[in-house]
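Geometric and topological summary
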Amino acid sequence: MKYLDTMVTFSEFPDEIALCINISNCPWHCPGCHSPELWEDVGTKLNFKELHHLISINDGITLVGFMGGDYDTPYLNELAEYVKNIDPPLKVGWYSGNSKLSDYINTDWFDYIKLGPYDKKLGGLDNPNTNQRMYQFF
């Protein structure tokens, strides 16, 4: 699994300061996607050492958000479990462009999961007509 970049955000996950990690090799290719560069298998390998480094250089975060990773959800579970077991533990979120939850995701390791392909006509979670859904697991 590789990531292209990261960003600290205040709006991706409710009431959280999130380190959002943009994972490449997205299989969904949503029309109107704001990050088509993530469709390719590009970027830096996201292993435990790299994840620890990203967390350590972003003081004040309350959540690690994996933006993508659908093509290897078993490994995504491992990364989420790692985050939950660091000291101090952080919350974990995941955004998938799939409209249904992968059978391979272990929700024990996630606090938030946002599902649904981006549809420009329907907008994001701030639009009451959106097709996207946010689920909380705490």
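Residues numbered from 1 in each chain as written. Predicted model: local features only at pLDDT ≥ 70, side-chain atom pairs only at ≥ 80, totals over all residues. Heavy atoms only, no water.

Considering the packing of helix α1 (residues 48-56) against helix α2 (residues 73-84)
Describing two packed helices takes the angle between their axes plus the distance from one axis to the other. Put simply, α1 and α2 touch, their axes get as near as 11 Å, and they point 45 degrees apart. If you check the angle between α1 and α2, you find them oblique. Considering how the two elements wind past one another, α1 and α2 form a crossing that is right-handed. Residues Phe48, Leu51, His52 and Ile55 of α1 form the contact with α2, whose own contacting residues are Tyr75, Glu78, Leu79, Tyr82 and Val83. Of the residues contributing to the contact of α1 with α2, the split by class is seven nonpolar, one polar and one charged. (Axes fitted to C-alpha atoms, helices over the stretch in contact; angles between N-to-C directions. Helix = DSSP H or I, 4+ residues; strand = E, 2+ residues; numbered from the N terminus. Parallel < 35°, antiparallel > 145°, perpendicular 65-115°, else oblique. Left-handed = near helix turned anticlockwise from the far one by under 90°. Contact = heavy atoms within 4.5 Å. Nonpolar A, V, L, I, M, F, W, Y, C, P; charged D, E, K, R; others polar.)

Describing the pattern of salt bridges
One pass over the full model with this rule turns up four salt bridges. Between Lys2 and Asp41 there is a salt bridge, and its shortest N-O distance comes to 3.9 Å. With a gap of 39 residues between them, Lys2 in strand β1 (residues 2-9) and Asp41 in the loop between β2 (18-23) and β3 (44-45) connect regions that are remote in the sequence. Owing to a relative accessible area of 29%, Lys2 belongs among the partly exposed residues under this scheme. Relative accessible area serves as the criterion here: at 42%, Asp41 is assigned to the partly exposed category. Between Lys114 and Glu12 there is a salt bridge; the shortest N-O distance is 3.7 Å. Within this pair, whereas Lys114 is found in strand β6 (residues 112-115), its partner Glu12 is found in the loop between β1 and β2, the two being separated by 102 residues in sequence. (Salt bridge = Lys/Arg side-chain N within 4 Å of Asp/Glu carboxyl O. Buried < 20%, exposed > 50% of the residue type's maximum accessible area, 1.4 Å probe, protein only.)

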